[in-house]
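# Working through the structure, step by step
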Amino acid sequence: MAEKPQPVRVLYCGVCSMPAEYCEFGPDFEKCKPWLIHNAPNLYPDLIKLSNAKEADKVTEQLQSTGISSDGATPSAPKQEEVKRLPGGKIKKKEKQEVVIEKVIRNKRKCITTVKGLELFGVKLSDASKKLGKKFATGASVVKGPTEKEQIDVQGDISYDIVEFITDTWPDVPDTAIFFIEDGRKVPAA
Amino acid sequence: MFKKFSSEEVSAQNQVKASVQRKIRQSIAEEYPGLEPVLDELLPKKSALVVAKCQNHLNLVLVNDVPLFFNIRDGPYMPTLRLLHQYPNIMKKFQVDRGAIKFVLAGANIMCPGLTSPGGALDEEVEAETPVAIMAEGKQHALAIGFTKMSAKDIKSINKGIGVDNMHYLNDGLWKMERLN
């Protein structure tokens, strides 16, 4: 091979990043379809026919007021709820955004308050622990809790006014999203 | 192997010294003679070569933050799929039938029957333990990079079980990591 082989330019799907011909096996072929119709119409010839037919159906089914653009690039269901997909094609549930506060008693009369879930609101845990420690004048640290989640441990029982403190310092956290754990049950703080 | 892979698994990233760089170049050139004319472009002598060490004895060869090759322990270097797509003829090719595509893209190893069926194709010369490109019936581009467990002849005669280990496939962790950091 004396000549320099030129790099082949592969058409990658703008939605799922795979080569366009593999979109049909991708995690979300439905979402790729509009892109494919627009950018690689010759790869899936039946797709265009199909989508045109579908959209025609839809139009007749719904009100016949709006004319649909003929390029077929309009996504068919833009309002669908966004779901994150795992590599296996399973749907990942969005984690509930909530802060859980629990009081753990050690040595009978001493206790630790753990705060879980602050990171879901975009709060930096190391900053938060520092602030908590300063406010309550106790030790506060970021600890790896069970299942690899990080949580903040604060020494002492501060559950009485931690809610107010959290909502004051991080206005993003609504007090409806704060929960206490009492007797193994979740109790809303507000 | 790269099913779950993210930049978190990179434990150390080092700019390697010139001698190591030379060694990597040499072994890549040996493994992929077809790549030799463009090797200077891929791994410019001047720009720094970075080797990222990851878990499970995995090494990534990066140039300008773009992963180009990977290997395990001291195994052969294998190109990433993005690189292979650019230079498709550098590796020996196996072809799987259409029914296997969806499993391969979910990370499954390649079973012999998928290679020997009418939709599949084998490169007869391939020995065991060599990196191969996995193509698919009716498709133009590679969908995975594998490491053969048996030679092509054995795959044909035994026709059972895992023929090729799936190392790296479309839309896995390494594919999604277009550049590191």
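The structure contained in this document is the topic of the report that follows. Not measured: the values here are computed from a predicted model.

So, about the overall build of chain A. Counting secondary structure elements, chain A contains four helices and eight strands. Its helices and strands taken in sequence order, chain A reads α-α-β-β-β-β-α-β-β-α-β-β from the N to the C terminus. Within chain A, the fraction of its 190 residues that count as buried is 30%. About 13,100 Å² of surface is accessible on chain A, with carbon and sulfur atoms providing 52% of the total.

Once that is clear, we can look at the interface of chain A and chain B. Taken together, the contact pairs 19 residues of chain A with 23 residues of chain B. In total, about 1,900 Å² of surface goes out of reach between chain A and chain B, with carbon and sulfur atoms giving 62% of it. Contact with chain B buries surface across chain A, with Glu21(A), Tyr22(A) and Phe25(A) losing the most and accounting together for 31% of the total. Along the contact surface separating chain A from chain B lie two salt bridges. For Lys139(B), the salt bridge is made with Glu24(A), and the minimal N-O distance between the two is 2.5 Å. Linking chain A with chain B are nine residue pairs in polar contact (both at pLDDT 80 or more).

Before going further, it helps to examine the nonpolar core. Formed by 77 residues in total, the largest nonpolar core has its most connected members in Leu35(B), Phe69(B), Phe94(B) and Leu143(B). With residues near it in sequence (within four places) discarded, Leu143(B) still touches Tyr22(A), Leu81(B), Val96(B), Ile101(B), Val104(B), Leu105(B), Ile134(B), Met135(B), Ala136(B), Tyr169(B) and Leu170(B). Grouped together as the second largest cluster of nonpolar side chains are 22 residues, Val123(A), Ala128(A), Ile162(A) and Phe165(A) included.

With that settled, consider the side chain of Asp97(B). Residue and element names in this part refer to chain B. Among the structural elements, aspartate 97 can be located in the loop between β6 (93–96) and α4 (98–104). Among buried charged residues, aspartate 97 stands out as having no salt bridge; its nearest opposite-charge side chain is arginine 98, 9.1 Å away. In contact with aspartate 97, other than residues within four places in its own chain, are Pro113, Gly114, Ser117, Gly119, Gly120 and Glu137.

Once that is clear, we can look at the sheet that holds strand β4 (residues 66–72) of chain B. Residues and elements named next belong to chain B. If you trace the five strands from one edge of the open sheet to the other, you get β1-β2-β3-β4-β5, paired in antiparallel fashion. Single-partner strands in this sheet number two, and they are β1 (10–15) and β5 (78–79). The sheet contact formed by β4 and β5 spans two bridges and is antiparallel. Directly across from phenylalanine 70, in β5, lies its bridge partner methionine 78.

Moving on, we come to the pattern of salt bridges. Charged atoms that come close allow side chains of opposite charge to pair. Evaluation of the coordinates by the stated rule reveals eight salt bridges over all chains. A salt bridge links Lys33(A) to Glu30(A), with the nearest nitrogen and oxygen atoms 3.1 Å apart. With Lys33(A) and Glu30(A) both in helix α1 (residues 29–39) and three residues apart, this pair spans about one turn of that helix. According to the relative accessible area criterion, Lys33(A) is buried, its value standing at 14%. The partner of Asp165(B) in a salt bridge is Lys149(B), with the nearest N and O atoms 3.5 Å apart. Of the two residues, Asp165(B) sits in strand β10 (residues 162–169) while Lys149(B) sits in the loop between β9 (144–148) and α6 (152–158), which places them 16 residues apart along the sequence.

Turning next to the packing of helix α3 (residues 125–136) of chain A against helix α4 (residues 159–169) of chain A. Residues and elements named next belong to chain A. Interaxial distance between α3 and α4 falls to 12 Å at its minimum, and their mutual angle equals 130°. Considering the angle they form, α3 stands oblique to α4. Relative to α4, the crossing made by α3 is right-handed. Of the residues in α4, those in contact with Lys131, Leu132, Lys135 and Phe136 of α3 are Asp161, Ile162, Phe165 and Thr169. Split by residue class, the contact of α3 with α4 holds four nonpolar, one polar and three charged.

On to the sheet that holds strand β8 (residues 131–136) of chain B. Residues and elements named next belong to chain B. Across the sheet, which stays open at both edges, the five strands sit in the order β6-β8-β9-β10-β7 with mixed pairing between neighbours. The two strands at the open ends of the sheet, each matched to only one other strand, are β6 and β7 (110–111). Relative to β10, β9 runs antiparallel, the two being bridged by five bridges. Bridged to glycine 146 within β10 is asparagine 166.

Rules of the game
- Residues numbered from 1 in each chain as written.
- Chains lettered and ligands numbered in written order.
- Predicted model: local features only at pLDDT ≥ 70, side-chain atom pairs only at ≥ 80, totals over all residues.
- Heavy atoms only, no water.
- Helix = DSSP H or I, 4+ residues; strand = E, 2+ residues; numbered from the N terminus.
- Buried < 20%, exposed > 50% of the residue type's maximum accessible area, 1.4 Å probe, protein only.
- Areas by Shrake-Rupley, 256 points an atom, 1.4 Å probe, with all protein chains shown as cover.
- Contact = heavy atoms within 4.5 Å.
- Buried area = accessible area lost by both parts, 1.4 Å probe.
- Salt bridge = Lys/Arg side-chain N within 4 Å of Asp/Glu carboxyl O.
- Polar contact = N/O pair within 3.5 Å; in protein donor to acceptor, adjacent residues only side chain to side chain.
- Core = buried A, V, L, I, M, F, W, Y, C linked by side-chain atoms within 4.5 Å.
- Lys, Arg positive; Asp, Glu negative; His and termini not counted.
- Pairing = 2+ DSSP bridges.
- Axes fitted to C-alpha atoms, helices over the stretch in contact; angles between N-to-C directions.
- Parallel < 35°, antiparallel > 145°, perpendicular 65-115°, else oblique.
- Left-handed = near helix turned anticlockwise from the far one by under 90°.
- Nonpolar A, V, L, I, M, F, W, Y, C, P; charged D, E, K, R; others polar.

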